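Descriptive analysis of the structure
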Amino acid sequence: MEKREKLYEGKAKVLYKTDSDNLLVAYFKDDTTAFDGAKKEVLEDKGVINCAISTVIFEYLEKHGIKTHFVERLSPREMLVKKCEIIPVEVVVRNVAAGSFSRRYGVPEGTPLKEPLVEYFYKNDELHDPMVCPNHVYLFGWATREELGQMTKIALEVNELLKKFFDEIDIQLVDFKLEFGRCNGEIILADEITPDSCRLWDKSSGEVLDKDRFRKDMGKVVESYKEVYRRIMDRYEKV
Ligand code: C5P
């Protein structure tokens, strides 16, 4: 496999073409953004840690029957992925109130939700990723009813798997965001699963181990991501 020219550059990753029509290289940058790119910093090593964490998580999900775009980790910052057509709908699953849910509905951060909640957002920085309901998704043609149904089902399955995955390393999975793509007529999980895209709280102390440390200027961002990775490796390296 040969890496070719840049196809697309996002806020945290660059996608490169390869000599195969079906495969891309995803390069994880150190760039860290929040508030639709309004806040931006380069955090040394973040890309390496996120590539490593996302690799372990995609492998874990694949092992448990979830289809993803992940093929293999090529280098510290690079992952080989299946080329897919990204659906512009971010699927958020929440177990505990936090972030935009707490602000929108006036529910204090940390309040457990009585069942997992799935929310949909239109992936569009200029519009600040507005929350949408399924009818918007169908009306705008972003996904069919069947596709959104599959995305929702997979998102809830991923939630059950990841709740257990993190619980084993004393971390509470508060919420996370998934992106999906179409690949050979199938819906597969795409993008990344990292502390940039999840809220992860230490179960004992409540310490925040995710991107909220960056959003809220709490410091020790990469150190916290490294702590998540250290716990993952201690528990899952030999599995
Ligand atoms: O901001 P909000 O509370 O809606 O975020 C819910 C979850 O989705 C958080 O874990 C956040 O990190 C993630 N998210 C993301 N990318 C976005 C919006 C939210 O990874 N564009």
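Residues numbered from 1 in each chain as written. Predicted model: local features only at pLDDT ≥ 70, side-chain atom pairs only at ≥ 80, totals over all residues. Heavy atoms only, no water.

1. Points about the site of the ligand
The ligand sits among 15 residues. The nearest are R94, S100, D175, R199 and R215. In the model, an oxygen atom of the ligand is placed 2.8 Å from a nitrogen or oxygen of the R94 side chain. Note that an oxygen atom of the ligand is positioned 2.6 Å from one of the side-chain N or O atoms of D175. Contact with the protein chains hides 82% of the accessible area of the ligand, taken as 450 Å² for the molecule alone. Secondary-structure elements contributing two or more residues to the shell around the ligand are strand 9 (89–96), helix 2 (99–105), strand 12 (171–183) and strand 14 (198–202). In terms of residue class, the shell around the ligand is made up of four nonpolar, three polar and eight charged. (Near = heavy atom within 4 Å. Polar contact = N/O pair within 3.5 Å; in protein donor to acceptor, adjacent residues only side chain to side chain. Areas by Shrake-Rupley, 256 points an atom, 1.4 Å probe, with all protein chains shown as cover. Helix = DSSP H or I, 4+ residues; strand = E, 2+ residues; numbered from the N terminus. Nonpolar A, V, L, I, M, F, W, Y, C, P; charged D, E, K, R; others polar.)

2. Here's the deal with the nonpolar core
Core analysis: the largest hydrophobic core is formed by 56 residues, its most contacted members being L61 and F166. Broken down by element, the residue count for this core peaks at nine residues, all from helix 4 (residues 145–167). Shared between two domains, this core takes at least three residues from each, and those domains are domain 1 (3–82) and domain 2 (85–219). Apart from residues lying up to four places away in sequence, F166 is in contact with I57, I171, L173, L200 and V228. Counting residues in hydrophobic clusters, the runner-up holds five residues, among them V96, A98, V174 and V208. (Core = buried A, V, L, I, M, F, W, Y, C linked by side-chain atoms within 4.5 Å. Buried < 20%, exposed > 50% of the residue type's maximum accessible area, 1.4 Å probe, protein only. Domains from an automatic or database assignment. Contact = heavy atoms within 4.5 Å.)

3. Observations concerning the sheet that holds strand 7 (residues 78–82)
Neighbouring strands of a sheet are bound in pairs by backbone hydrogen bonds; such pairs are parallel or else antiparallel. Ordered by their spatial adjacency, five strands build an open sheet running 1-2-3-7-6, and the pairing between neighbours is antiparallel. Of all the strands in the sheet, just strand 1 (3–9) and strand 6 (70–75) have a single pairing partner and so form its edges. Pairs of neighbouring strands in the sheet enclose a mean axial angle of 30 degrees, with direction left out of account. Packing of helix 1 (residues 46–63) onto the sheet brings it into contact with strand 3 (23–28), strand 6 and strand 7, and relative to strand 6 it is tilted by some 150 degrees. (Pairing = 2+ DSSP bridges. Axes fitted to C-alpha atoms, helices over the stretch in contact; angles between N-to-C directions.)

4. Focus: the confidence of the model for the protein chain
This prediction gives the protein chain a mean pLDDT of 97; 99% of its residues lie at or above 70. Mean pLDDT values over the elements of the protein chain span from 96, in strand 4 (residues 31–34), up to 99, in strand 9. (pLDDT = per-residue confidence, 0-100.)

5. Some points on the domain arrangement of the protein chain
Each assigned domain of the protein chain is listed here: domain 1 (3–82) and domain 2 (85–219). One C-alpha centre belongs to domain 1, the other to domain 2; they are set 18 Å apart. At the junction of the two partners, domain 1 supplies 27 residues and domain 2 supplies 25 residues. For the pair domain 1 and domain 2, the summed buried area comes to about 2400 Å², and 64% of that belongs to carbon and sulfur atoms. Residue K13 is joined to E192 by a salt bridge in which the shortest nitrogen-to-oxygen separation is 2.7 Å. Counting across the interface, domain 1 meets domain 2 through 15 residue pairs in polar contact (both at pLDDT 80 or more). Looking at which element gives the most residues to the side of domain 1 that touches domain 2, the answer is helix 1, with nine residues. Broken down by class, the residue content of the side of domain 1 that touches domain 2 amounts to eleven nonpolar, seven polar and nine charged. (Buried area = accessible area lost by both parts, 1.4 Å probe. Salt bridge = Lys/Arg side-chain N within 4 Å of Asp/Glu carboxyl O.)

6. Structural notes on the packing of aromatic side chains
Overall, the coordinates contain eight aromatic pairs when judged by the stated rule. Judged by centre distance (4.1 Å) and plane angle (15 degrees), the ring pair of Y122 and W142 falls under stacked. Taken together, the positions of Y122 in strand 10 (residues 112–122) and W142 in the loop between helix 3 (134–139) and helix 4 put the pair 20 residues apart, joining distant regions of the chain. When the centroid spacing of 5.1 Å and the interplanar angle of 85 degrees are considered together, the rings of F165 and F166 count as edge-to-face. In this structure F166 comes out as buried when scored by relative accessible area, which is 1%. The structure contains a cluster of three or more aromatic residues connected by ring pairs, namely Y60, F165, F166 and Y236. A cation over an aromatic ring shows up here: K3 above the ring of Y16, its NZ or CZ 4.2 Å from the ring centre. One Lys or Arg, R235, reaches over the ring of Y236 and ends 4.7 Å from the middle of that ring. (Phe/Tyr/Trp six-rings, centres within 6.5 Å; stacked < 30°, edge-to-face > 60°. Lys NZ or Arg CZ within 6 Å of the ring centre and 35° of its normal.)

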